[in-house]
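Single-letter residue listing:
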Amino acid sequence: MTSPNFGASSTPALHTQKIKPIVYFIGIIAALAGLLFGLDIGVISGAQQFIEKEFHIGDQQIELIVSALLWGAVFGTFISGILSRHLGRRRTMLTSALIFVAGSLACAFAPGEYSLIAARFFLGIAVGIASFTAPLYLAEVSPQAVRGSMISMYQLMITIGILLAFLSNTWLASYATFGGVTGGHWRVMLGIIAIPAAIMFLGVLFLPESPRWLFLAGRKEDAVAVFKRMQLAESEIAAEVHDIEESTKIKQSGFQMLFQNANFRRVIGLGIGLQIIQQLTGINVIMYYAPKIFTLAGFASVSGQMWGTVVVGITNMLATFIAITLVDRLGRKPIMYAGFIVMGLALMTVGFLFNADIAKHPNLGFPAIGALLVFIIGFSMSAGPIVWIICSEIYPLTGRDVGITFSTATNWLTNAIVGMTFLTMLSTLGGGNTFLLYGGMNILFIIFFFLFVPETKGVSLESIEQKLLAGTSLKRLGK
Ligand code: BGC
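Residues numbered from 1 in each chain as written. Predicted model: local features only at pLDDT ≥ 70, side-chain atom pairs only at ≥ 80, totals over all residues. Heavy atoms only, no water.

This brings us to a nonpolar patch on the surface. A contiguous nonpolar patch, built from L64, W71, F75, F121, L413, I417 and M420 and spanning about 570 Å² of accessible area, is present on the exposed surface. Put simply, the parts of the chain that give the nonpolar patch at least two residues each are helix 2 (59-86) and helix 18 (400-429). If you trace the backbone, L413 turns up in helix 18. (Patch = residues over 30% accessible without salt bridge, like charges linked within 9 Å, V, L, I, M, F, W, Y side chains within 5 Å. Areas by Shrake-Rupley, 256 points an atom, 1.4 Å probe, with all protein chains shown as cover. Salt bridge = Lys/Arg side-chain N within 4 Å of Asp/Glu carboxyl O. Helix = DSSP H or I, 4+ residues; strand = E, 2+ residues; numbered from the N terminus.)

Pasting the structure below:
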């Protein structure tokens, strides 16, 4: 669940107020960006073995192919603030949809490994732009009553995207040849994403511009016209306009704050730390390299491995609901502690089982996969969604866009480092020790959480901001 939440409520509240179908249309189209982002994360795991065979390449090049997308996303995140400010949210989303289409096709037709790396970097720019702009647009355009649920929908779409990519890979891999070419499936796997990307492009053409951006651009009349198009009642329009006028009085001056305000730098450090932790849990090792891990667990058949990825995708999506339902009842920290404990124990179990030499004891393969799934549940119920939620709550309003740029870029950067090192870790440390290391790190994460992370459940964003600027310790910013 990767989603900046720009000052919107993090509570996926279900309100009974009547929301018009057009609002849902807007939500679904913008959330398609989340789907694409999930598709691009998920697609590479199943494509790898075919790419490896066609280009006769080794681990290092595969790591580069996997991580090029993530480096592109880091770059995309950094430019998206500027693009969405100058072009508007809608045109920025259109740009990212175009890059999604062109990038997916460029991957599908890449003649060699280096052009594939370049095409994945290019595609990554779209992922980075979309991961910043779509949630920003959603937060700005949705009526307050459904803002939280709209953003949760976007987050859920990412996990659905990952699952769909796993399903489509599994289906495509079941053919011995594709288009008359043996092993040519990977091109279709990567290229097929151009279809949902084109749908997103067409859908975004029909979306209105964000009223908040129109206000910032001095186009108040156009902003009101958008609310009318969304069939809001006069009183609702007046309330939205009032809110926007109030919030646009606050100038975004994050970069200035970065140099002048030590409290702001502290909280940026917290956001960066949280995102590093989220990625160092090792979740994407499984998202990118699941078939490889299944091989380590003794499952040699390609179709068995591909179905394994589908089970991973379903578990990842379903466990997200645990967080959605509990995060505002139990609080962020208890769920995070529970998640870290589950993730730590599960990965250490995987590590011990792998070290026990599965080749000699094939009956250990199933418990190892079981433990891996328990790890996924631990992640999706905690660090997956909650890190994004906390990152959306801790920054003061004036620096929120800069804060979120830093934490989102850190997410992609650490994601890239994890993607780039896993196969090398496997070949140098061995499967067992690699997972023991990832599992053991959870102890450090728990200590970090205990020392630095505030409980933000039920605390207003204003109160967090006041405490931060008054110099309160990070841990006490919430309750
Ligand atoms: C993470 C992604 C990850 C996804 C898995 C997100 O919260 O930021 O890196 O792939 O969860 O569902």
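Okay, back to it.
It is worth spelling out helix 19 (residues 431-452) at this point. With 22 residues, helix 19 should cover 32 Å at 1.5 Å per step; its first-to-last C-alpha distance of 32 Å lies within 8% of that length. Here the buried face of helix 19 lies against helix 12 (262-280), helix 13 (283-296), helix 15 (332-355), helix 16 (365-380), helix 17 (383-393) and helix 18. (Expected span 1.5 Å × (residues − 1). Contact = heavy atoms within 4.5 Å.)

The next point concerns the side chain of E63. Tracing the sequence through the fold places E63 in helix 2. Comment: no salt bridge for buried E63; closest opposite-charge side chain is K292, at 9.2 Å. If sequence neighbours within four positions are ignored, E63 has contacts with Y289, G419, M420, T421, F422, L423 and T424. (Buried < 20%, exposed > 50% of the residue type's maximum accessible area, 1.4 Å probe, protein only. Lys, Arg positive; Asp, Glu negative; His and termini not counted.)

To continue, consider the packing of helix 1 (residues 21-55) against helix 4 (residues 113-141). With their axes 9 Å apart at the nearest point, helix 1 and helix 4 run at an angle of 160 degrees to one another. Taken together, the axis directions place helix 1 and helix 4 in an arrangement best described as roughly antiparallel. Of the two possible hands of crossing, helix 1 and helix 4 adopt the one that is left-handed. Contacts between helix 1 and helix 4 involve I26, G27, A30, A33, F37, D40, I44, I51 and F55 on the former and, on the latter, E113, L116, R120, L123, V127, A130, S131, A134, Y137, L138 and V141. Grouping the constituent residues of the contact of helix 1 with helix 4 by class yields 15 nonpolar, 2 polar and 3 charged. (Axes fitted to C-alpha atoms, helices over the stretch in contact; angles between N-to-C directions. Parallel < 35°, antiparallel > 145°, perpendicular 65-115°, else oblique. Left-handed = near helix turned anticlockwise from the far one by under 90°. Nonpolar A, V, L, I, M, F, W, Y, C, P; charged D, E, K, R; others polar.)

Let us now look at the packing of aromatic side chains. Under the defined criterion, the tally for this structure stands at 13 aromatic pairs. Consider the rings of F55 and W186, whose centres lie 5.5 Å apart with planes at 70 degrees: the pair is edge-to-face. Here F55 is found in helix 1, whereas its partner W186 is found in helix 6 (residues 185-191), with 131 residues between them in sequence. Of the two residues examined, F55 and W186, each falls in the buried class. (Phe/Tyr/Trp six-rings, centres within 6.5 Å; stacked < 30°, edge-to-face > 60°.)

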